[in-house]
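Observations on chain architecture
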Amino acid sequence: MRYQLPFVTLASVAALIFALVGLPTVTKAQSVNDIISRGKLIVAIDTTTPPYGFLDEKLEPTGFDIDVAKKMGEALGVPVEFVTVTSPGRIPSLMTGQVDAVISIFSITPQRAIQVDYSNPYAGQSAVVIAPTGTQIASHEDLVGKKVGVTRGTAEDGILTAASEKLPGIEMLRFDDYSSLLQAMVSGQIDAMGGGDYGEIYLKKAQGGDAFEQKYPLKTYYFGIGVAKDNHNLRQWINTWLLGMKSDGSLEDLSMQYRGQPLPALPVF
Amino acid sequence: MQNLQFGPVFAHSDAFIDGVISTLVLAALSIFFGTMIGLLGAIGRSYGPRILSAPIGAYVEIIRNTPLLIQLYFVFFTLPLVGIKLSSNWAAIVALSIHLGAYAIEIIRAGIDSIPQGQIEAAKSLGLRPYRIVRHVIVVPALKAVYPSLTAQFILQIMGTSIVGAIAAEELTAIANNLVMQTFRSFEIYIVIAVIYFVIVQSASLLFAGIGRLLFQWKA
Amino acid sequence: MSLRDFGPNEFMFLIAAARWTILLALVTFAGGGAIGIFIAALRIAPSRPLRWLAIAYIQFFMGTPILIQLFMAYYGSSLLGFRPDPWTAAAVTFCINAGAFFGEIFRGAIEAVPRGQWESAKSLGLGFLKTLRLVILPQALQLMVPPTVGLMVQIVKTTSVASLIGLNELTRAAIKVNTVTFEPFMVFGTVAIIYFALCWPLSLYATRLEKRGNGKIQAKVKLPRLMPAS
């Protein structure tokens, strides 16, 4: 009898912990009313993507995307619960019903729109090539013989990889997250990087005066709020709410606060 | 939509072959350097001056009690602070070698400890020179004794290379992730590379067993 | 708002993040241990197909990188209709993976118990499961302890890989802090110390247990040489 103890203990500990961690509860897409009656809005964010999402002095999430999410919660009259995800984890978080919306520099692409639905753009920016001020770079040709970093699977990755296939000698380094890419740039592990047009602000302080600058633009793209496929109810509400955010200047204020520059003209689809 | 589609995966078979080669090169180089570290460290710790013992011991304990991923980040992101800039692939090889080195020291030391002191005394009394004693009486029998443990660690090293994509090194897993982003066929791609790793690991096991038999008449 | 120094707040944030690493390691220990018992039982079962099943399980999970297993569970499993969040994907993958390693440890310990005991139990009329539970396991349990503690060290370290699917554990917290401090030496140094503080006592304990057991039946135990990569 005594010897059965380990079995029973082990099994019950396992059961207990699984219960605590919570087995996946696949929920269906939440309508606006569902969210309000549940009493919270659940949003996927990424806190490794300054200035859109990062940790403030109290190690709480902050940034442009985070404030957009908070304002969305205010408009719905519910608090916001954040779930942090990686870039490749954004689509799964919606497909699993783990979150109601993704607000995390989620650029609108036709490939992604097969799996999730997007709101109208709430922000936009240019993907640019960033490098130290002293480096002469004005086009793809100047990247030959240089190490160019990107975040795997981003728009910049696509454009610069295509360039590297045409121009042998561009060495591509693909990082799993934006944070590691920035760190590699600061450490001098890469000579140039493809990234958002805000990137150099963050790089400037980091290397004690050795400034970075935008070299040339790659493409302009727009961030939308992602919702589960066919959740038209929530998407329509978000679009309506965004109209107000745009017309009363709140989005513009957030852009100045976090990005230090006004938003580009935002198309509607 | 829920159909397996391996077509888009096999359309990129060149990329997979590149990935396999990179993985094998990373593994082979880091196994070579790691084993060298292991040999020198183990001999240094067992027979070297006492002053070496503490630093080698510290190295072994620090590396064996921290994750490889943190070691990778450390080598890639902090060595530049002291002016050492390694490319992603070299940083990966350095981190993997340092990682394996710590395990190899412990494994080889166990082999060295298993050699009876009398054997060494006997060799000395026969007038063998120190180099020959180290080589024939210590290193070879020690390696023979621990060969299975050592090669098991090599196998782990091969699988360990799968995480070096975190510092932008190119190998099988990183290349697979690139393809997932392009094709969205994640399940098929990961199945394929799981099979590839499995084949690599099984072949390596056979290869190591074969080499063992050749070198040490060690029975698998 | 942007960059700042690595200070006490950041330090405490990393310390606090270690609880998720510990929780995942405990879940893996419990779940992997339970699966391991099952796998070990299959591995020594009287029926050949059952043994093959266990061997295939062990070979697959020990012979492919855990990162690939994690990616399959997290990104790949939607094709099968599963849609786990990072926690579920990591917990399930680590349990299943550790199950193979625990299975091999348990089998090694069980097989170290002299064969004669199986036969005498049989002659007393005990069945396979009863013999295992009442006769063999109580003796094997002592033998399992040192390698199990050793495996725990590997598990704690390997949980860092879960950061690559976005699980908010210690390593992912380090990446987040590094994003705003750009002090990789402080950030990864601190994190390395935290992992070391978690693992080293376990390592020392495992070594002590092994030494204590030396010379007894322990010496005969053939335990798996493979430990998960981390």
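These remarks concern the structure in this document. (Residues numbered from 1 in each chain as written. Chains lettered and ligands numbered in written order. Predicted model: local features only at pLDDT ≥ 70, side-chain atom pairs only at ≥ 80, totals over all residues. Heavy atoms only, no water.)

Remarks on the overall build of chain B
As a reminder, the rule being used: In DSSP terms, a helix is any run of H or I states spanning at least four residues, a strand is any run of E spanning at least two, and both are numbered starting from the N terminus. Accessible area is worked out with a 1.4 Å probe on protein chains only. A residue is then buried under 20% of its type maximum, exposed over 50%, and partly exposed in between.
Along its length, chain B carries nine helices and zero strands. Starting at the N terminus and ending at the C terminus, chain B contains elements arranged as α-α-α-α-α-α-α-α-α. For chain B, the spread of C-alpha atoms along the principal axes amounts to about 75 × 45 × 25 Å. Burial status across chain B gives 51% buried among its 220 residues.

Section: the packing of aromatic side chains
Residue and element names in this part refer to chain A. Selection rule: What counts as a ring pair is set by centres within 6.5 Å for rings of Phe, Tyr and Trp (its six-membered ring), and what kind of pair is set by the plane angle: stacked under 30 degrees, edge-to-face over 60, tilted for all other angles.
A full pass over the atoms with the stated rule returns 24 aromatic pairs over all chains. Seen in terms of ring centroids, F106 and Y118 are 5.0 Å apart; in terms of plane orientation they differ by 50°. Their pairing is tilted. Residue F106 is located in the loop between β5 (101–102) and β6 (116–132), and its partner Y118 is located in strand β6; the two are separated by twelve residues in the primary sequence. When its relative accessible area of 1% is taken as the criterion, F106 is described as buried. Through pairs of rings, three or more aromatic residues link up here, namely Y52, F64, Y122, Y221 and F223.

What about the interface of chain C and chain B?
Test applied: In this analysis, two residues are considered to be in contact whenever any of their non-hydrogen atoms come within 4.5 Å of each other. Buried area: the accessible area, evaluated with a 1.4 Å probe, that two parts lose upon being put together, summed over both parts. The salt bridge definition used is simple: a Lys or Arg side-chain nitrogen within 4 Å of an Asp or Glu carboxyl oxygen. Any pair of N or O atoms that falls within 3.5 Å is considered a polar contact. Within protein, one atom must be able to donate a hydrogen and the other to accept it, and sequence-neighbouring residues count only if both atoms are side-chain atoms. For this classification, Asp, Glu, Lys and Arg are treated as charged, while Ala, Val, Leu, Ile, Met, Phe, Trp, Tyr, Cys and Pro are nonpolar and the rest, including Gly, are polar.
Tallying the contact residues gives 42 residues for chain C and 45 residues for chain B. Each partner contributes to the roughly 3,600 Å² buried at the junction of chain C and chain B, and carbon and sulfur atoms together form 75% of this total. Counting the contacts that link chain C with chain B gives zero salt bridges. At the surface where chain C touches chain B, the tally comes to six residue pairs in polar contact (both at pLDDT 80 or more). Of all the elements in the fold, those that place two or more residues in the side of chain C that touches chain B are α2 (48–63), α3 (66–76), α6 (128–158), α7 (170–181) and α8 (184–213) of chain C. Split by residue class, the side of chain C that touches chain B holds 27 nonpolar, 13 polar and two charged.

A few points about a nonpolar patch on the surface
Short version of the rule: Patch membership is restricted to residues that have no salt bridge and whose relative accessible area is over 30%. Joining uses 9 Å for like charges and 5 Å for the nonpolar side chains Val, Leu, Ile, Met, Phe, Trp and Tyr. Each accessible area is a Shrake-Rupley result for a 1.4 Å probe, and residues are judged covered by the shown protein chains and nothing else.
Taken together, the side chains of L81, V82 and I84 of chain B together with F185 and M186 of chain C make up a nonpolar region of the molecular surface, amounting to roughly 500 Å² of accessible area. When you line up the elements, M186 of chain C lands in helix α8. Residue M186 of chain C is classed as partly exposed on the basis of its relative accessible area, which comes to 36%.

Things to note about the pairing of strand β10 (residues 212–228) of chain A
To keep it simple, the criterion reads: Two strands make a pair as long as DSSP finds a minimum of two bridges between them.
Relative to β10 of chain A, β5 of chain A runs antiparallel, the two sharing two bridges. Looking at the pairing, V102 of chain A lines up with G226 of chain A of β10 of chain A.

Focus: the nonpolar core
So the rule is basically this: Each nonpolar core is a collection of buried residues, namely Ala, Val, Leu, Ile, Met, Phe, Trp, Tyr and Cys, held together in the definition by side-chain atoms within 4.5 Å.
Formed by 152 residues in total, the largest nonpolar core has its most connected members in F16, L72, Y73 and I193 of chain B together with L14 and I110 of chain C. Element by element, the count of residues in this core is highest for helix α4 (residues 86–112) of chain C, at 15 residues. Apart from the residues lying within four places of it in its own chain, the contact partners of Y73 of chain B are S180 of chain A, T78, A166 and I167 of chain B together with L164, T171, I175 and F188 of chain C.

Observations concerning the environment of T133 of chain A
All names here are of chain A. Checked against the element boundaries, T133 lands in the loop between β6 and β7 (147–151). With relative accessibility at 35%, the residue T133 sits in the partly exposed group. Measuring from C-alpha to C-alpha, the distance between T133 and R235 comes to 42 Å, with 102 residues separating the pair along the chain. Setting aside anything within four residues of it in sequence, one finds T133 in contact with A211, F212, E213 and K215.

What about the sheet that holds strand β1 (residues 41–45) of chain A?
Spatial ordering of the open sheet is given by β4-β1-β5-β10-β6-β9-β7-β8 (chain A), a layout of eight strands whose pairing is mixed. Looking at strand neighbours, the two that pair on one side only are β4 (80–84) and β8 (171–175) of chain A, the edges of this open sheet.

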